[in-house]
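Examination of the molecular architecture
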Amino acid sequence: MKRDEIRTTCESLNEGAYAFYYSDPAAEPILLSNRPADYRFLTASIIKVPILYVWTALEAQGFVSSDELCDFGDEPVVQGAGFSYLFRTRKLAYNDILTMMIATSDNFCTNLVINRLGMDRINQVFREDFGLSDTHLGRKMMNRPDPASGKDNWTTAADTVRWFDLFDQFPEDQ
């Protein structure tokens, strides 16, 4: 699909909010959106990506270890994607928890990671270390949102594009 076709297709979308990003090493990236640059998109499972980045950064600094055992009793069980709630085991290494958080979009595993890192710490790393000024974790997975009090998860198209740059900055082994 050519750039003009992409633009035409995106501009034909009349309902909903969208942001479209395409990066090709041979050309300038394309970022198209039908909302202002500071528009907050609510996040569902995609918030798990920068949470994983936070874990990776904090592990590189020695604050956490993916070899550390995670106790399932540290967090109330929730469902919604994933299958860890079916496990009979009550402890796994965080490496396995992180894998399930990303590979199966496991909400319980995500909440275990949020519990371990702390919501305030995650948001601090988003802003201060990653420059994600408009990505916010305000609630755990499966908790009811309350946008008026900041208890929701959101990001902007620009911050999401920044996630790609952050990914490329991590060493290959991370």
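Attention here is on the structure that accompanies the text. Just so we're clear, the structure is a prediction, and the values are computed from it rather than from any experiment.

1. Considering the overall build of the protein
- Secondary structure assignment for the protein yields 6 helices and 6 strands.
- Ordering the α and β elements of the protein from the N terminus gives α-β-β-β-α-β-β-α-α-α-β-α.
- Judged by the C-alpha coordinates and their principal axes, the protein covers about 55 × 35 × 30 Å.
- Put simply, 59% of the contacts in the protein that link residues at least 6 apart link residues at least 24 apart.
- For the protein, the accessible surface area stands at approximately 10200 Å², while carbon and sulfur atoms represent 50% of it.

2. Comments concerning the nonpolar core
- By size, the foremost hydrophobic cluster in this structure holds 33 residues, and its most contacted members are Ile51, Ile97, Val113, Phe126 and Phe130.
- For this core, the elements supplying multiple residues, two or more each, are helix H2 (48-60), helix H3 (94-103), helix H4 (107-117), helix H5 (119-129) and helix H6 (157-169).
- The residues touching Ile51, leaving out its near neighbours within four places in the chain, are Met101, Thr110, Val113, Ile114, Leu117, Ile122, Phe126 and Leu137.
- Grouped together as the second largest cluster of nonpolar side chains are 5 residues, Ile6, Cys10, Tyr18 and Leu32 included.

3. Considerations on H6
- For H6, with 13 residues, the first-to-last C-alpha span of 19 Å sits near the 18 Å given by 1.5 Å per residue.
- Those residues of H6 hidden inside the fold are in contact with strand S1 (19-22), strand S2 (30-33), strand S3 (41-42), H2 and strand S6 (154-155).

4. Some points on the side chain of Arg139
- In this fold, Arg139 is placed in the loop between H5 and S6.
- Setting aside residues up to four positions removed in sequence, Arg139 forms contacts with Thr43, Met119, Arg144, Pro145, Lys151, Asp152 and Asn153.

5. Section: the packing of aromatic side chains
- Going through the model one piece at a time under the given rule, you end up with 8 aromatic pairs.
- Summarising the aromatic geometry, the rings of Tyr21 and Phe164 are spaced 5.5 Å apart at their centres and angled 35 degrees between planes, so their arrangement reads as tilted. Pair noted here: Tyr21 is in strand S1 and Phe164 is in helix H6, with a separation of 143 residues, a long-range link.
- Given the relative accessible area of 27%, Tyr21 is considered partly exposed.
- For Phe164, a relative accessible area of 48% translates into the label partly exposed.
- Relative to Phe41, the ring of Tyr39 has its centre 4.9 Å away and its plane inclined at 80 degrees; by these criteria the two rings are edge-to-face.
- On the basis of relative accessible area, Phe41 is assigned to the buried category, the value being 17%.
- Taken together, the ring pairs in this structure connect Phe72, Phe83, Phe87 and Phe108 into an aromatic cluster.
- Positioned above the aromatic ring of Tyr39 is the side chain of Arg35, whose terminal nitrogen or guanidinium carbon lies 5.5 Å from the ring centre.
- Positioned above the aromatic ring of Phe63, the side-chain terminus of Arg121 is 4.6 Å from the ring centre.

6. With respect to the pattern of salt bridges
- Applying the stated criterion across every chain yields a total of 3 salt bridges.
- Its salt-bridge partner being Glu75, residue Lys140 comes within 2.8 Å of it at the nearest N-O pair. Placement of the pair is Lys140 in the loop between H5 and S6 and Glu75 in the loop between strand S4 (69-71) and strand S5 (91-93), with a sequence separation of 65 residues.
- Taking the relative accessible area as the measure of exposure, Lys140 reaches 17% and is therefore buried.
- Glu75 sits in the buried class, given a relative accessible area of 9%.

7. Focus on the environment of Tyr18
- Along the chain, Tyr18 falls in the loop between helix H1 (3-11) and S1.
- Accessibility expressed as a relative area gives 13% for Tyr18, which makes it buried.
- Between the C-alpha atom of Tyr18 and that of Arg35, which follows or precedes it by 17 residues, the distance is 7.2 Å.
- Not counting residues within four places of it along the chain, the set of residues in contact with Tyr18 comprises Cys10, Glu11, Leu13, Leu32, Ser33, Asn34 and Phe41.
- A distance of 3.0 Å separates a polar side-chain atom of Tyr18 from the backbone oxygen of Cys10.

Quick notes on the rules
- Residues numbered from 1 in each chain as written.
- Predicted model: local features only at pLDDT ≥ 70, side-chain atom pairs only at ≥ 80, totals over all residues.
- Heavy atoms only, no water.
- Helix = DSSP H or I, 4+ residues; strand = E, 2+ residues; numbered from the N terminus.
- Contact = heavy atoms within 4.5 Å.
- Areas by Shrake-Rupley, 256 points an atom, 1.4 Å probe, with all protein chains shown as cover.
- Core = buried A, V, L, I, M, F, W, Y, C linked by side-chain atoms within 4.5 Å.
- Buried < 20%, exposed > 50% of the residue type's maximum accessible area, 1.4 Å probe, protein only.
- Expected span 1.5 Å × (residues − 1).
- Phe/Tyr/Trp six-rings, centres within 6.5 Å; stacked < 30°, edge-to-face > 60°.
- Lys NZ or Arg CZ within 6 Å of the ring centre and 35° of its normal.
- Salt bridge = Lys/Arg side-chain N within 4 Å of Asp/Glu carboxyl O.
- Polar contact = N/O pair within 3.5 Å; in protein donor to acceptor, adjacent residues only side chain to side chain.

Function cannot be inferred from these measures alone, as they are strictly geometric.
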